[in-house]
Amino acid sequence: VQLVESGGGLVQPGGSLRLSCAASGFTFSRYYMSWYRQAPGKERELVAGIISTGSRTDYKDSVKGRFTISRDNAKSTVYLQMNSLQAEDTAVYYCSVRVGVQTRWGQGTQVTVSS
């Protein structure tokens, strides 16, 4: 299993970023995919998730209406569109999948929201 995130960077408050996670090594279209984040000094937290078909999504309350998770099963890629970014969204963002009894993580991509 390999998960490779991209798309992070520095953005001003109110700005937008789109994160991507390219997956390989498992049958992507069969699995629930998630985005987590971890800010300095804080625990890793679930931000959003999407079921295998893409027909249902889940969000952390604080990002509802601002973030959108989506997936392209043909490309084995999951996305996180982040709008109206706030300083509190600053964190390392990780793509995640639970395969069997193991949770797998990507290397993470840094998102910094600052003026």
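Just so we're clear, the structure is a prediction, and the values are computed from it rather than from any experiment.

Draft legend 1. The nonpolar core, seen in detail. Ranked by internal contacts, the top residues of the largest apolar core, which has 26 residues, are Met33, Trp35, Val78, Leu80, Met82 and Tyr93. Of all the elements in the fold, those that place two or more residues in this core are strand E3 (17-24), strand E4 (33-38), strand E5 (45-50), strand E7 (67-72), strand E8 (77-82), strand E9 (91-99) and strand E11 (109-113). Contacts of Val78, omitting those with residues within four sequence positions, involve Leu19, Ser20, Cys21, Phe28, Met33, Trp35, Ile50, Ile69, Ser70, Arg71 and Cys95.

Draft legend 2. Looking closely at the state of the cysteines. Summed over all chains, the structure comprises one disulfide. Between the sulfur of Cys21 and that of Cys95 lies a disulfide, 2.2 Å long from S to S. Linking Cys21 and Cys95, the disulfide has an S-S dihedral of approximately -80° and is accordingly described as left-handed. Separated by 74 residues along the polypeptide, Cys21 in strand E3 and Cys95 in strand E9 bring together distant segments of the chain.

Draft legend 3. Highlighting the side chain of Ser20. Here Ser20 lies in strand E3. Residue Ser20 is classed as buried on the basis of its relative accessible area, which comes to 19%.

Draft legend 4. Representation of the pairing of strand E10 (residues 102-105) in the model. Pairing of E9 with E10 involves four bridges; the strand directions are antiparallel. Note that in E10 the partner of Ser96 across the bridge is Trp105. Hairpin geometry of E9 and E10 is characterised by an intervening segment of two residues between the two adjacent antiparallel strands and by a positive phi of about 65° at Gly100.

Draft legend 5. Spatial organisation of the pairing of E4. Across five bridges, E4 lies against E5 in antiparallel orientation. Looking at the pairing, Met33 lines up with Ile50 of E5. Between the end of E4 and the start of E5, which pair antiparallel, lie six residues, with Gly41 showing a positive phi angle near 75°. Alignment of E4 against E9, held across six bridges, turns out to be antiparallel. Bridge pairing links Arg37 to Tyr93 in E9.

Draft legend 6. Molecular detail of the packing of aromatic side chains. In total, this model carries four aromatic pairs according to the counting rule given. Every member of this aromatic cluster is reached through a ring pair, and the members are Phe26, Phe28 and Tyr31. The ring centre of Tyr79 lies 4.0 Å from the NZ or CZ of Arg18, which sits over that ring. Sitting over the ring of Tyr94, Arg44 keeps its end group 3.8 Å from the ring centre.

About the criteria used
Position numbers for residues count from 1 along each chain, tracking the sequence in the order it is written. Since the coordinates come from a predicted model, pLDDT governs what is reported: local features require at least 70, and pairs of side-chain atoms require 80 or more to be given and counted, while whole-chain, interface and lining totals use all residues. Based on all heavy atoms of the structure, the side-chain values leave hydrogens and waters out of the count. To form a nonpolar core, buried Ala, Val, Leu, Ile, Met, Phe, Trp, Tyr and Cys residues must be joined to one another through side-chain atoms within 4.5 Å. Burial classes: relative accessible area under 20% of the type maximum marks a residue as buried, over 50% as exposed, and values in between as partly exposed (1.4 Å probe, protein chains only). Here a strand is any run of E in DSSP of at least two residues, a helix any run of H or I of at least four, and the numbering for each starts at the N terminus. Pairs of residues are marked as contacts when any of their non-hydrogen atoms sit within 4.5 Å. Disulfide assignment relies on a single distance test, namely cysteine sulfur atoms paired within 2.5 Å. Whether two strands pair comes down to DSSP finding at least two bridges between them. Classification of ring pairs uses Phe, Tyr and Trp, with its six-membered ring standing for Trp, and accepts pairs whose centres are within 6.5 Å; under 30 degrees between planes counts as stacked, over 60 as edge-to-face, and the remaining range as tilted. Comment: the charge-over-ring label is applied if NZ (Lys) or CZ (Arg) is within 6 Å of the ring centre and within 35 degrees of the ring normal.

That is the geometry; function is a separate question.
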